[in-house]
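# Residue-level structural notes
Letter by letter, the chains look like this.
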Amino acid sequence: MVRSRQTCSGKKFSNYRQSFLQKILRKMNSYLNSKSISEAPYTTLTKLLEKWGTIQPETEAVVCHSYNENRTSITYGNLYKEAVKLAKGLICLGIKKGDYVGIGGDNTSEWMVATYGVLFAGAHPVNFPFHDKAGEGIKRTLTLIGRCEAILFDPGHNDSHWDIIQKITQIDTKTGLVLSSDIPSLKWVLPYLSIQSGGLSISTTDISRDDNTELPEIDPEDTAVVLQTSGSTGYPKVVEKSHFEIIKYGEAYAYLLDLNFKKSNGTIFYSDRPFYWLGGYPGFDMVIGATRVTQKSTLALSSYTEIVSFTITVIHREKPQCGFFIVPFYQEMAKSKHFQWKFRSLIVTGQPISKAIFKGMGEKFDSISALYGSTEGGMIAGKLYRVSDFKESKDVGMIPLAGNELKIVGKDGYVLPILSLGELYIRSSTQFKGYLNDPEKTAAVLTSSGWFKTDDFCRINAEGHLEVLGRVSDVLEIAGCKTTPSFIEEFIKNHPHVLEVTVFAIKKDDKMDDIPCAAVVKRVGTTLTEESIRKFIRQQLDVTEEAKFTENIYVPKHILFYESLPRTPTGKYDRKAVKDISIQKIGGIDK
């Protein structure tokens, strides 16, 4: 009896202590500021390529794998030489410092030569994908930017990219000179690989020059790349990044991969993320002199299962020490019995991150980092978890990376107490200055004091770590209760027969509650029904009689099955596109 009373007393004290701590925390503001200082060198990407091209000319800079095609690569020495020759050719065509040049295509060595050729010429590369078959997205982006003097592009499989280019331009097939175009100021269109159909008889190789043409001086603050946002909430917007910004992001990658960025040249680093996306842009590789192993395009494969299988094959062949993955993809790959490789370190990003990523600690990797970033803000927050000092965590939290500060605010724009849910605002030393030539959209997301409104639903937990829960615009509100799609997705992902899932909200009219819905991809050879998924969620919720209404919040009313789910060009689930196609199936919904 005495022991029982002591136990009861201990529980009461523990509950009192927890309540007391929460009261203290509730008086603290949800604000975090990085205590670390960036040690990134104040230089340019072109200077770094010159350095590695001289110091380690035989080291592979990029290794590209493509399904049913051979492995291709380029060394730092050849990348440097070919990029300089192309830069001189572009200058002789009339490309001047400060001009914009479109770069379109998949992850290839030729993409690297084209990009660095443009940089050495002092121009600004504008990255774009070829996912819009009509070419409207390319036309919209390059017209918005203005002063786009040239397009350098990969013709694509069976010249598919070339077909798109011809829809928005008319070109002299012998010279690449633009005769007419929907894009103002466009003068040149040149492929950097041969066109199989013979539509153009000239390429970037033909204009490259090994002569005394003088190259302009490049400053670390000059634009290194013009990127498009993911477009998951509408048309992509356009953001400029300087050489120094990209180099600072590279230093952040090195920290999260547990590398000394000054002494890690030769590291083999795997990332299949598109070069045209900030998360896949080959800047980190250039900062430390790493070998980047990648895939030409994961989107060329027909299913998630095929992508996972081919990725495992590439990793087993190249044996990278480090890797960068989108969360659900890495989790799917790690489950495979065929995956037999251990990384030294990993970065995972791209989705709200659950503690399930820690399952491979010590077996699949020695350290893993959670990363939160955006095209606008760059590498914002992250946390390195090492096997040597790992303690089981309830949540995956992050802290601001060097030069960043962040806060959680409510609908009124004022900072909230710690533990509160709200929108994340960020501010950094590499300040986001706005969307290029789009003051209206800039004004909507940038405050007068320089805070960028991320539209991400977050909180700062009791440990002082940032937790990213989803998009503010995606948050479901039902009978005054709020939840995120990612929270419901985690329940559904736990089902062994579910391969992919995206949760979204619909409404019958503006005055009514959100209705949770789920789009699901089954694993091959399995059987799933709407009711079996609902039953599975209810079992996990273990709802009591007193809280039965919670089923209305966490159990989707509509569950639809698909062969695959739409993705943005960066590989994220396109929640808006999923919602649009699903509404057509559900019917009777206003939006």
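For the structure itself, look to the data block above.
First, a word on what this report is: a plain description of the structure on this page. These numbers were taken from a predicted model, which means no experiment stands behind them.

### Some remarks on the overall build of the protein chain
- When helices and strands are tallied, the protein chain shows 16 helices and 27 strands.
- Within the protein chain, buried positions represent 55% of all 591 residues.
- Of all intrachain contacts in the protein chain linking residues separated by at least 6 positions in sequence, the fraction that spans at least 24 positions is 65%.
- When the accessible surface of the protein chain is split by element, carbon and sulfur atoms take 50% of a total near 26,800 Å².

### What to know about the packing of helix 2 (residues 45-55) against helix 3 (residues 76-93)
- For the pair helix 2 and helix 3, the least separation of the axes is 7 Å and the interaxial angle reads 130°. Relative to helix 3, the element helix 2 lies oblique. Seen from above, helix 2 lies across helix 3 with left-handed handedness. Between helix 2 and helix 3, the contacting residues are L49, E50, W52 and G53 on the first element and Y76, G77, L79, Y80 and A83 on the second.
- Class assignment of the residues belonging to the contact of helix 2 with helix 3 gives a composition of six nonpolar, two polar and one charged.

### Looking at the sheet that holds strand 22 (residues 466-471)
- Spatially, five strands are ordered 1-19-20-21-22 in an open sheet, and the strand pairing comes out antiparallel. Lying at the two open borders of the sheet, with one neighbouring strand each, are strand 1 (31-33) and strand 22. On average, each strand axis in the sheet is inclined to that of its neighbour by 35°, with strand direction left out of account.

### Considering helix 2
- Taken as a whole, helix 2 has its buried residues at L45, T46, L48, L49, W52 and G53. For helix 2, the angular spread of buried residues about the axis comes to 155°, placing them on one side. Facing away from the buried side of helix 2, by more than 90 degrees, are the exposed residues T54 and I55.
- Of the surrounding secondary structure, the elements contacted by the buried residues of helix 2 are helix 3, helix 4 (109-120), strand 10 (223-228), helix 8 (243-256) and helix 9 (284-288).

Procedures and definitions
Residues numbered from 1 in each chain as written. Predicted model: local features only at pLDDT ≥ 70, side-chain atom pairs only at ≥ 80, totals over all residues. Heavy atoms only, no water. Helix = DSSP H or I, 4+ residues; strand = E, 2+ residues; numbered from the N terminus. Buried < 20%, exposed > 50% of the residue type's maximum accessible area, 1.4 Å probe, protein only. Contact = heavy atoms within 4.5 Å. Areas by Shrake-Rupley, 256 points an atom, 1.4 Å probe, with all protein chains shown as cover. Axes fitted to C-alpha atoms, helices over the stretch in contact; angles between N-to-C directions. Parallel < 35°, antiparallel > 145°, perpendicular 65-115°, else oblique. Left-handed = near helix turned anticlockwise from the far one by under 90°. Nonpolar A, V, L, I, M, F, W, Y, C, P; charged D, E, K, R; others polar. Pairing = 2+ DSSP bridges. Arc of directions from axis to C-beta.

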